[in-house]
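# Coordinate analysis (summary)
Here is how the chains run, residue by residue.
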Amino acid sequence: MAAPAAAQDAPNTGAISVSTGIDFATSYYFRGIVQETGGFIAQPYLEAGMSLYDGEDGSVSLAAGTWSSLHSRTDAGFDGAPGIFYETDFYAGLGFGFAGGWGADVTYTAYMSPRGSWSTVKEVAVGLSHDDIIAPYITLAFEIDGSAAGDNSGTYLELGIEPSLPLDSPVGVSFPIAVGLSPSDYYDPGGVNEAFGFFNIGAMLGVPLTGIPESYGSWEFTAGINLLFFGDGLKAINGSTDGFEPIGIFGVSLGY
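Residues numbered from 1 in each chain as written. Predicted model: local features only at pLDDT ≥ 70, side-chain atom pairs only at ≥ 80, totals over all residues. Heavy atoms only, no water.

### Some points on the side chain of Ser 113
Relative to the assigned elements, Ser 113 resides in the loop between strand E7 (102–112) and strand E8 (121–130). Judged by relative accessible area, which is 11%, Ser 113 ranks as buried. Here Ser 117 takes part through its backbone nitrogen, which lies 2.9 Å from a polar atom of the side chain of Ser 113. (Helix = DSSP H or I, 4+ residues; strand = E, 2+ residues; numbered from the N terminus. Buried < 20%, exposed > 50% of the residue type's maximum accessible area, 1.4 Å probe, protein only. Polar contact = N/O pair within 3.5 Å; in protein donor to acceptor, adjacent residues only side chain to side chain.)

See the structure below:
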């Protein structure tokens, strides 16, 4: 998500921030689980944030938003929505900032398919991160209703970093690296838990869009590539023996 902009003409000095944008991807894999590998894939999002407390000893913020995936390939039997509406998620959570660049968050998400491709999956996730040049993070997600990949609600663990280049420029370059794991029943083809899910490594470029008045927010163009490597469990879930998938992505975002 884009950070709120500090505009000169109408600076956003209040406690409310908004970010929105749209990404376009060559394929869509959710935590290594195949969703779509062809056609046109657009993924718009919208998030609103509110600062509840901001002091020398830390901060507390509230965020809520929605994220969707729209596909040109459609199911024949969708239920109650246009066939392009493959997925629409709603989430809300609390974020906590601590001294030394540490942060934590708790987020509730409902993963839904408006066209009826699957039943709603509900999840609660907790995360811990550190704001530095390496940007390490850990996310532990608990499915409380439904399952993304199997018959049983499971637990998902992701460990990652996103090192960035210290460029003397508004252009940003980062290298996201992540490992997706299944502590319990998240990747469980045939009812057998597979602890290793996937490994991802990528490169992302962020370029501020100049020429737009700062009073209209902060605009950015992003582009990059992710390389996914699958474990045996995900190969079985995805119905493929191919253990590698490159994914290209580009998009535009606005923050205020």
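### Quick word on the pattern of salt bridges
A complete count under the given rule lists 3 salt bridges for this structure. For Arg 31, the salt bridge identified is with Glu 123, shortest N-O distance 2.7 Å. With Arg 31 in the loop between strand E2 (28–30) and strand E3 (33–36) and Glu 123 in strand E8, this residue pair connects regions lying 92 residues apart in the sequence. Of the residues examined, Glu 123 reaches a relative accessible area of 3% and is grouped as buried. The residue Glu 36 makes a salt bridge to Arg 73 at a minimum N-O spacing of 3.5 Å. In this pair, Glu 36 sits in strand E3 while Arg 73 sits in the loop between strand E5 (58–71) and strand E6 (85–97), placing the two residues 37 residues apart along the sequence. On the accessibility criterion, Glu 36 (9% relative accessible area) is buried. (Salt bridge = Lys/Arg side-chain N within 4 Å of Asp/Glu carboxyl O.)

### Re the side chain of Glu 158
Summarising the element assignment, Glu 158 is placed in strand E10 (residues 155–161). For the buried residue Glu 158, which engages in no salt bridge, the nearest side chain bearing the opposite charge is Arg 31, 5.2 Å off. Among the polar contacts made by the side chain of Glu 158, one reaches the side chain of Tyr 137 at a distance of 2.6 Å. Engagement of the side chain of Glu 158 in a polar contact is seen with the side chain of Tyr 156, the distance being 2.5 Å. If sequence neighbours within four positions are ignored, Glu 158 has contacts with Tyr 137, Ile 138, Thr 139, Ala 178, Val 179 and Phe 198. (Lys, Arg positive; Asp, Glu negative; His and termini not counted. Contact = heavy atoms within 4.5 Å.)

### Thoughts on the layout of surface pockets
When its volume is computed, the second largest pocket comes out at roughly 190 Å³. Taken together, 15 residues line the second largest pocket, and the ones lying closest to its centre are Phe 30, Gln 35, Trp 118, Val 121 and Ala 148. Elements represented by at least two residues in the lining of the second largest pocket include exactly E2, E3, E6 and E8. Residue composition of the lining of the second largest pocket, by class: 9 nonpolar, 2 polar and 4 charged. (1 Å grid on protein atoms, 1.4 Å probe; cavity = no way out; pocket = protein on both sides within 12 Å on 5 of 7 lines; lining within 4 Å. Points joined across faces, edges and corners; volume = space filled by probe spheres on them. Nonpolar A, V, L, I, M, F, W, Y, C, P; charged D, E, K, R; others polar.)

### Examining the nonpolar core
If you look at the biggest cluster of nonpolar residues, it comprises 20 residues, and the most contacted ones within it are Tyr 187 and Phe 198. When contributions to this core are tallied by element, the ones reaching two or more residues are E2, strand E4 (41–55), E8 and strand E14 (218–230). By residue number, the principal contributor to this core is E2, which donates 3 residues. Setting aside residues up to four positions removed in sequence, Phe 198 forms contacts with Arg 31, Gly 32, Tyr 156, Glu 158, Ala 178, Val 179, Gly 180, Tyr 187, Leu 228, Phe 229, Phe 230 and Leu 234. (Core = buried A, V, L, I, M, F, W, Y, C linked by side-chain atoms within 4.5 Å.)

### Here we look at unusual backbone geometry
Positive phi, close to 50°, is recorded for Arg 31, a residue that is not glycine. A positive phi angle, near 55°, is found at Ala 135, a position not held by glycine. The residue Ala 135 is located in the loop between E8 and strand E9 (137–145) in this model.

### Thoughts on the packing of aromatic side chains
The way to describe two aromatic rings as a pair is by their centre distance and the angle between their planes. In total, this model carries 11 aromatic pairs according to the counting rule given. The interplanar angle of 65° and the centroid separation of 5.1 Å between the aromatic rings of Tyr 86 and Trp 118 together place this pair among those described as edge-to-face. Here Tyr 86 is found in strand E6, whereas its partner Trp 118 is found in the loop between E7 and E8, with 32 residues between them in sequence. For Tyr 86, a relative accessible area of 8% gives the class buried. Aromatic rings pair up to connect Phe 24, Phe 40 and Phe 250 into one cluster. (Phe/Tyr/Trp six-rings, centres within 6.5 Å; stacked < 30°, edge-to-face > 60°.)

Structural measurements only, silent on function.
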